Amino acid sequence: GEQVEQLPSILRVQEGSSASINCSYEDSASNYFPWYKQEPGENPKLIIDIRSNMERKQIQELIVLLDKKAKRFSLHITDTQPGDSAMYFCAASSYTGNYKYVFGAGTRLKVIA
Amino acid sequence: GALVYQYPRRTICKSGTSMRMECQAVGFQATSVAWYRQSPQKTFELIALSTVNSAIKYEQNFTQEKFPISHPNLSFSSMTVLNAYLEDRGLYLCGARGTGGGNTLYFGEGSRLIVV
């Protein structure tokens, strides 16, 4: 299968706390996992990604974790700010076939001041 | 850096008419271009993947007859939505991948189709 499941669909957190979004994938050949942030009316923008040769990657307040055995990966935003409020999409891709991206359904994050 | 420009950003078209959108890669050679659609309240559906020197591969539920794509060189691709109806409305995104290895897709700003 090629589905990517993303949860939760809606996430509300207090400013300064952490937010976590979880994704799972089916295709064991997947080896690249990007995360996109989409503001209203805008295109999705790549914010962080992780490849299958890593288990953890951090860019400032963004942390991504990858568990290949469980076929799960997650995004953690530490010290959330109102500007982090947006839609977040995970995706999985592989070098096999045509590098097709399969996206999760998205998570609407609302950071409450 | 790698940039992808899409044009037009927004189109309002009458039901049954067609809309053409363009995708331009700047700063890199787009060996593969993927066209996605984000319908209202939905995630991104892959319409087709176009790789230079290969046939364009359409996903299930999308056809060349409805969404003809042109990818004549390493910096440009276009897609037309023929006979657009309400169910075709949404944000159409072009994602381009370069020759530098890896499979990072760089997305354009999107072309929003509104059908009236």
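Summarised in this report is the structure supplied together with it. Just so we're clear, the structure is a prediction, and the values are computed from it rather than from any experiment.

Scoring rules and cut-offs
Residues numbered from 1 in each chain as written. Chains lettered and ligands numbered in written order. Predicted model: local features only at pLDDT ≥ 70, side-chain atom pairs only at ≥ 80, totals over all residues. Heavy atoms only, no water. Pairing = 2+ DSSP bridges. Helix = DSSP H or I, 4+ residues; strand = E, 2+ residues; numbered from the N terminus. Axes fitted to C-alpha atoms, helices over the stretch in contact; angles between N-to-C directions. Buried < 20%, exposed > 50% of the residue type's maximum accessible area, 1.4 Å probe, protein only.

### Quick look at the sheet that holds strand β1 (residues 4-7) of chain A
Residue and element names in this part refer to chain A. Strand order in the open sheet made by the five strands is β1-β3-β8-β7-β6, with antiparallel pairing throughout. Whereas interior strands pair on both sides, the edge strands pair on one side only; in this sheet they are β1 and β6 (56-59). Here the average twist between neighbouring strands, direction ignored, is 15°. Sheet analysis places strand β3 (residues 19-25) next to strand β8 (residues 72-77), joined by six bridges and oriented antiparallel. Bridging from a neighbouring strand, C23 pairs with F73 of β8.

### Some details on unusual backbone geometry
L7 of chain A connects to P8 of chain A through a cis peptide bond whose omega is 0°. With omega at -5°, the peptide bond leading from Y7 of chain B into P8 of chain B counts as cis. Note that P8 of chain B resides in the loop between β1 (3-7) and β2 (10-13). At Q60 of chain A, a residue that is not glycine, the phi angle is positive and equals roughly 55°. Following the sequence through the fold, Q60 of chain A ends up in the loop between β6 and β7 (62-67). Overall, the relative accessible area of 67% leaves Q60 of chain A in the exposed class. Even without glycine at this site, K71 of chain A takes up a positive phi of about 60°. Looking at the secondary structure, you find K71 of chain A in the loop between β7 and β8.

### Section: the pairing of β7 of chain A
Residue and element names in this part refer to chain A. Sheet topology note: the β6/β7 ladder contains four bridges and is antiparallel. Bridging from a neighbouring strand, Q58 pairs with I63 of β7. Hairpin remark: β6 followed by β7, antiparallel, with two residues in the connecting loop; positive phi at Q60, about 55°. The sheet contact formed by β7 and β8 spans six bridges and is antiparallel. Within β8, the position partnered with L62 by the bridge is I77. Taking the residues that link successive antiparallel strands as the turn, the β7-β8 hairpin has four residues, and the phi of K71 there is positive, at about 60°.

### Quick word on the sheet that holds β1 of chain B
All names here are of chain B. Pairing within the open sheet is antiparallel, and its four strands lie in the order β1-β3-β8-β7. One side of each edge strand has no neighbouring strand; the edge strands of this open sheet are β1 and β7 (69-73). Neighbour-to-neighbour, the strand axes of this sheet turn through a mean angle of 15°, independent of strand direction. Here six bridges tie strand β3 (residues 19-26) to strand β8 (residues 76-81), and the two strands are oriented antiparallel to one another. Within the sheet, the bridge partner assigned to R20 lies in β8 and is T80.

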